[in-house]
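# Understanding the architecture of this molecule
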2 protein chains.
Amino acid sequence: MIYVNGRVLSPLEARIDPADRGFTLADGLFETLRAYRGRPFRLNAHFDRLKRAADELDMLLPIDGTMLADAVAELLAVNRLDNGDATIRITLTRGTGPRGLAPPPDTKPTLVITATAYAALPDTCTAAIVDIRRNEGSPTSRLKTLAYLDNVLAAGEAGRCGAEEAILLNNAGRVACAARANLFALLGDRLVTPPISDGVLPGIARWTVLDIADDLGMAVEERSLPPAELEQAREILLTNSLFEIRSVARLDGRDLSGGDGLAMKLRNAYRALAAQ
Amino acid sequence: MIYVNGRVLSPLEARIDPADRGFTLADGLFETLRAYRGRPFRLNAHFDRLKRAADELDMLLPIDGTMLADAVAELLAVNRLDNGDATIRITLTRGTGPRGLAPPPDTKPTLVITATAYAALPDTCTAAIVDIRRNEGSPTSRLKTLAYLDNVLAAGEAGRCGAEEAILLNNAGRVACAARANLFALLGDRLVTPPISDGVLPGIARWTVLDIADDLGMAVEERSLPPAELEQAREILLTNSLFEIRSVARLDGRDLSGGDGLAMKLRNAYRALAAQ
C-alpha cells in the first residue's frame, strides 16, 4: 500500500499524473529513512531537511511533522511493517503543471510515501572512484532532489568496475560523496568528511556520525579532501540512513580491510541510538 | 489526449506508476519539438538523439522512427492540432522498479507523448547570467534527461533578475548554454558556440543553425567561450526547437538590441526550412 496525497492506496490504484513536474522535470525532493522494529529513526530530522529544501525551492509541503509521523505509522501498519525493519521513502513534488520550466502560480504539491521491508547489507563493501562528477556549482548538489540520474549512472559505473559503491569527485577534483552515501576518511587520528560546499548532501546519517564522533571524543574535520588523501586513509566509511555505516574494504585496487576498529565503534554507537 | 505506452488516453485516464523510475529518480529522457501546420519539424533528428541517448543509458526504446511518426500524427489529429503549430514532447523512462538505484534487469520502458498548441514568443528576449552552474563533469549535461531541476532553478533565478532567459556557465567558468536553449555569439564576423564538452546539450536547433550558417557561408566556430567575450559580442542568439532563434536584446545591464541583422538572416532561413 502506498500513501498518495492523504490516501493509502493499493499500488494499482495509486497514480501519478503524467503532467506532474516530479515526472516531467524532476521538480521535487525526497527523503529515505529506516524504521527499526516499526519505529522511524530521526523522522523529525528528515522532515526538517525536507521542509528547508522545500522552502529553498519555493515548494509547498502539505503536511506538518505530526501529520507525517501519523501517515508513516499508518503506512507501516497497513504494510505489516510495524515490527520489522523498513525503508521509508517520502517524495514531494511541486505538483502538476503545463509544459515548460516556469511553475504555475497555484500548483498543488504531490506527496507520496512508500514503506518496504529493509534487507540488511553487509557492514563492508568495495568501492571505486567513478568518472562522473558531482556538480558543486548547483544548489541541488546539497539537496535531495528527484534529479537523481547522476547517482544512478555513478552506481552503474562502479558496478561495471566490479565495485559495490561509487565515490564521486566534484568538478574541482575533490572527493564529494558516494552515489548512495556520505563519506568519511580516517586520516591519522582525525575523521575527515568533505564540507557541504564541495557538492555534498547534508546527510542525516552524516550528522548522526558527526555527533557520535564528537561524543566519543574523536577529532573530526569537515574539509576538502583531495582523492590522493584517500590513498593514505586508514579507514573509509560510507554513511546513509539505510545501511548506517559501511566500511570500504577495497577502494579500486587497494585493500583497506585491516582498519583499526573505528567503524565498529561508530557503528555500535549508531545502532545503540537507533535501538533506543 | 495523451499517448502512454501505445494507447491514446484522456488526461484523467493517463497514469504514471509511482514506482516509475522517471518519477522516483529522473531515470529517463525527453525530447521537445515543434510541429508547423501539423508537420513535426526534424522528428527524425529528435528520434535519433533519443535513440542514441537511450543506448548510452542502456535504456530500451519501445518504438522505431516510423511508429513514432505515426503516434505523433495520431496525437496531433485527436488533439485537433493537425493544422496549427504544436509543441510535441516525447518522454521515455526506464520503467518501474523497486526502491534503490540499481535498475531491475527486466524493466519495461514507459513512453509518453503529449501535444499542445504552440504559442509563439517574441523574437527578442532579455537574459541574465545566473549563479547555478552546468555540470560539464557528467554525461547527463550532454543528454536531454528528466533531471531538469537545475534548468528550472536557473530559469527562476533569471526571472528574479528581471530577465526572461538564463545563461549558465559551467564549473570551469565557461559559457555553456541557456536554461532552455543553446547559445551563439557573434564575435567579430565569426559565429561562436560552446562545444558539447563544455556541458552543452547537442540541440537539434543548434545543429540546424550550424548547417544554415554553413550554407550561408558564415564563419562558425565551436569553442569554449569565456563570459567576458559575451561583453564583446555584437549579437547573442539563443536557439531551441520551439522558439527557433531568439536574439538577446539585453544581457544583464547591457543593451544588445542594435545587432547587424544576423539573427534575422538565420531566422528567415530557419523558417524557410521549417515551412518546406
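Just above, that's the structure.
Residues numbered from 1 in each chain as written. Chains lettered and ligands numbered in written order. Predicted model: local features only at pLDDT ≥ 70, side-chain atom pairs only at ≥ 80, totals over all residues. Heavy atoms only, no water.

### Let's talk about the interface of chain A and chain B
Residue-level contacts link 51 residues of chain A with 51 residues of chain B. Interface area for chain A against chain B, summed over the two sides, is near 3,900 Å², with a carbon-plus-sulfur share of 66%. Remark: the boundary between chain A and chain B carries zero salt bridges. Inspection of the region where chain A meets chain B yields 27 residue pairs in polar contact (both at pLDDT 80 or more). At the level of elements, α1 (21-25), β3 (28-36), β5 (86-93) and α4 (149-160) of chain A are the ones that each hand at least two residues to the side of chain A that touches chain B. Looking at the side of chain A that touches chain B, the element that brings in the most residues is α4 of chain A, giving six residues. In the side of chain A that touches chain B, the residues fall into 24 nonpolar, 14 polar and 13 charged. (Contact = heavy atoms within 4.5 Å. Buried area = accessible area lost by both parts, 1.4 Å probe. Salt bridge = Lys/Arg side-chain N within 4 Å of Asp/Glu carboxyl O. Polar contact = N/O pair within 3.5 Å; in protein donor to acceptor, adjacent residues only side chain to side chain. Helix = DSSP H or I, 4+ residues; strand = E, 2+ residues; numbered from the N terminus. Nonpolar A, V, L, I, M, F, W, Y, C, P; charged D, E, K, R; others polar.)

### Notes on the relation of the copies chain A and chain B
For the pair chain A and chain B, the superposition axis carries a translation of 0.0 Å, the fit reaches an RMSD of 0.0 Å, and the rotation angle comes to 180°. Accordingly, the operation relating the two chain copies is best matched by a two-fold axis. When the interface residues of chain A are mapped onto chain B, 100% of them are again interface residues, pointing to one common binding face. (Least-squares fit on C-alpha atoms with pLDDT ≥ 70 in both.)

### Quick notes on the nonpolar core
With 92 residues, the main nonpolar core has Leu-29, Ile-90 and Ile-113 of chain A together with Leu-29, Ile-90 and Ile-113 of chain B as its most contacted residues. Sequence-distant contacts of Leu-29 of chain A, defined by excluding residues within four places in its chain, comprise Leu-50, Ala-53, Ala-54, Leu-57, Met-59, Ile-90, Thr-91, Leu-92, Leu-143, Lys-144, Thr-145 and Leu-146 of chain A. (Core = buried A, V, L, I, M, F, W, Y, C linked by side-chain atoms within 4.5 Å. Buried < 20%, exposed > 50% of the residue type's maximum accessible area, 1.4 Å probe, protein only.)

### Quick notes on the pairing of strand β9 (residues 175-178) of chain A
Here is the key point about a regular strand: its side chains alternate between the two faces of the sheet. Residues and elements named next belong to chain A. Note that strand β8 (residues 165-169) and β9 share three bridges and pair antiparallel. Along β9, the bridge assignment pairs Leu-169 with Val-175. Linking β8 to β9, which pair antiparallel, is a turn of five residues; within it Gly-173 sits at a positive phi near 85°. (Pairing = 2+ DSSP bridges.)

### Quick notes on the packing of aromatic side chains
Taken as a whole and judged by the stated rule, the model has six aromatic pairs over all chains. Measuring from centroid to centroid gives 5.9 Å for Tyr-36 of chain B and Phe-41 of chain B, while their planes differ by 90°, and the two rings are edge-to-face. In this pair, the class of Tyr-36 of chain B matches that of Phe-41 of chain B, namely buried. Each member of the aromatic cluster is reached from another via a ring pair, and the members are Tyr-36, Phe-41 and Tyr-270 of chain A. The cationic tip of Arg-89 of chain A hangs over the ring face of Phe-30 of chain A; the distance from NZ or CZ to the ring centre is 4.0 Å. The lysine or arginine in question, Arg-246 of chain A, covers the ring of Phe-243 of chain A, its NZ or CZ lying 5.5 Å from the ring centre. (Phe/Tyr/Trp six-rings, centres within 6.5 Å; stacked < 30°, edge-to-face > 60°. Lys NZ or Arg CZ within 6 Å of the ring centre and 35° of its normal.)

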